[in-house]
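Here is how the chains run, residue by residue.
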Amino acid sequence: MTTEQSESTDRAPLGPPGVEEMVRANEANWDARTPVHVASAFYGLDGTRRPDDWFAPFEWADLGELAGLDVLHLQCHLGTETAAFADRGARAVGLDFSAEAVAQARRLAAETGREMEFVRSDVYQAVAALGDRRFDVIYTGKGAVCYLPDLTAWAETVATLLRPGGTFYLVEFHPLLNALGPTPPTDPDTPPLLLRHDYLAGRGALRSDTPTTYTDGPPLQGATTSYEWRHGVGEVVDALLGAGLSLQGIRETEVLPWPRFPSMVPDADGWWRLPDSEPIIPLLYAVRAVKPAQP
Ligand SMILES: C[S@@+](CC[C@H](N)C(=O)[O-])C[C@H]1O[C@@H](n2cnc3c(N)ncnc32)[C@H](O)[C@@H]1O
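Since the structure is predicted, the reported quantities are computational estimates derived from the model, not experimental observations.

**Q** Describe the overall build of the chain, listing the residues and the values that go with them.
**A** A count of helices and strands for the chain gives eight helices and 14 strands. Against the compact-globule benchmark of 19 Å for 295 residues, the chain has a radius of gyration of 18 Å, which places it among compact chains. Scored against the burial criterion, the 295 residues of the chain give a buried share of 54%. A separation threshold of at least 6 residues defines the contact pool for the chain, and within that pool the share at least 24 residues apart is 73%. Counting only carbon and sulfur atoms, one obtains 54% of the accessible surface of the chain, whose full area is about 13,000 Å². Side-chain charges of the chain comprise 24 positive and 41 negative groups, with the mean position of each set lying 3 Å from the other.

Here's what the structure looks like:
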């Protein structure tokens, strides 16, 4: 999940840690975030938030009928979105590398009586972890791609796991959102937003060392370091095309599922947008691609 970059965010130093070490730091960081997230009002797992709350209406229009389909949710975290697929009659499988998150997702599935399966695996090991299983729909996003150092290998994984004719759907925070930051606080309620961070990839991993996460709750108990990689929309689309998928559509929208900046205002669906005084800019984007039925 992209957090607002703070004083503690800086460029990863040259040399060690290597990519594998950064990914393992992320795994420990997500394990540490998990108990905070489970108890948070943000995720509302006590029933105050419903799985559908995490989806914009356009997502259901793009995804279409899911009943009876095999749906794989990559980087599923606590399975909050995975649950919405199960509620629509899909055979839903969530995959995540955080053992803590997968354990909580399984517990929540059992407690809510939903039939869902959760697999613990790194995305890059997903083909081995899932064996010969293939899926009609693969969904991912809302704070997922920023943790992936290699989009080519990721897209090839997606293409392998899709059945011919299957759909891949990505809904992700727009790189423009990630590039925006408030100027040093003058009025914290209405921070002017400026381009303060990279939009495109190119300068390597961004290191963050902070005990806070994006939800409410207490500080993390250790494992406070995480790494993110910036990916422009073109880089994401190129990776999917390179893996042989066929692009069906791209949406750029000005809404977010939660208020990233204090000045944001809710719309009728409970999603959030910048106030009228700000330019209309893309904050979230969606990519829909299919695996050709005939290679
Ligand atoms: C912000 S969540 C995205 C899920 C959902 N949108 C949400 O907000 O709950 C990011 C998830 O990506 C997972 N993750 C990060 N890197 C991963 C990797 N290489 N393989 C598998 N899961 C990974 C983390 O464990 C975390 O659960």
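Don't stop here, the text continues.
**Q** Describe the packing of helix H6 (residues 151–161) against helix H8 (residues 233–242), naming the residues involved and giving the relevant values.
**A** Following both chains from N to C, one finds H6 and H8 inclined at 45 degrees, their axes separated by 8 Å at the closest point. By the angle between their directions, the pair H6 and H8 is classed as oblique. Of the two elements, H6 crosses H8, and the hand of that crossing is right-handed. Counted together, Leu-151, Thr-152, Trp-154 and Ala-155 of H6 and Glu-235, Val-236, Ala-239 and Leu-240 of H8 form the full contact between these two elements.

**Q** Outline helix H1 (residues 19–38), listing residues and values.
**A** Its 20 residues place the ends of H1 28 Å apart at the C-alpha level, agreeing with the 28 Å of an ideal helix rising 1.5 Å per residue. Roughly 25 degrees is the biggest bend found in H1, and it falls at Ala-32, with proline Pro-35 one to four residues downstream. Within H1, burial applies to Met-22, Val-23, Asn-26, Glu-27, Asn-29, Trp-30, Ala-32, Arg-33, Thr-34, Val-36, His-37 and Val-38. In this fold, the buried residues of H1 make contact with helix H4 (99–112), strand S4 (116–120) and strand S10 (225–228).

**Q** Can you lay out the packing of aromatic side chains for me, pointing to particular residues and giving the numbers?
**A** Tallied over the full model, the rule gives 18 aromatic pairs. On the basis of an interplanar angle of 70 degrees and a centroid distance of 5.4 Å, the ring pair of Phe-42 and Tyr-214 is categorised as edge-to-face. Here Tyr-214 lies in the loop between strand S9 (206–209) and S10 and Phe-42 lies in the loop between H1 and helix H2 (57–63), a separation of 172 residues in the sequence. As far as the burial class goes, Phe-42 and Tyr-214 line up, both buried. Clustering of aromatic rings is evident, with ring pairs tying together Trp-30, Phe-42, Tyr-43, Trp-54, Tyr-147, Phe-173, Tyr-214 and Trp-258. The ring of Trp-30 is capped by Arg-33, whose NZ or CZ atom sits 4.5 Å from the centre of that ring.

Cut-offs and rules
- Residues numbered from 1 in each chain as written.
- Predicted model: local features only at pLDDT ≥ 70, side-chain atom pairs only at ≥ 80, totals over all residues.
- Heavy atoms only, no water.
- Helix = DSSP H or I, 4+ residues; strand = E, 2+ residues; numbered from the N terminus.
- Rg over C-alpha atoms; globule rule 2.2 N^0.38 Å.
- Buried < 20%, exposed > 50% of the residue type's maximum accessible area, 1.4 Å probe, protein only.
- Contact = heavy atoms within 4.5 Å.
- Areas by Shrake-Rupley, 256 points an atom, 1.4 Å probe, with all protein chains shown as cover.
- Lys, Arg positive; Asp, Glu negative; His and termini not counted.
- Charge placed at Lys NZ, Arg CZ, Asp CG, Glu CD.
- Axes fitted to C-alpha atoms, helices over the stretch in contact; angles between N-to-C directions.
- Parallel < 35°, antiparallel > 145°, perpendicular 65-115°, else oblique.
- Left-handed = near helix turned anticlockwise from the far one by under 90°.
- Expected span 1.5 Å × (residues − 1).
- Bend = angle between axes of the 7 residues up to and from the residue.
- Phe/Tyr/Trp six-rings, centres within 6.5 Å; stacked < 30°, edge-to-face > 60°.
- Lys NZ or Arg CZ within 6 Å of the ring centre and 35° of its normal.

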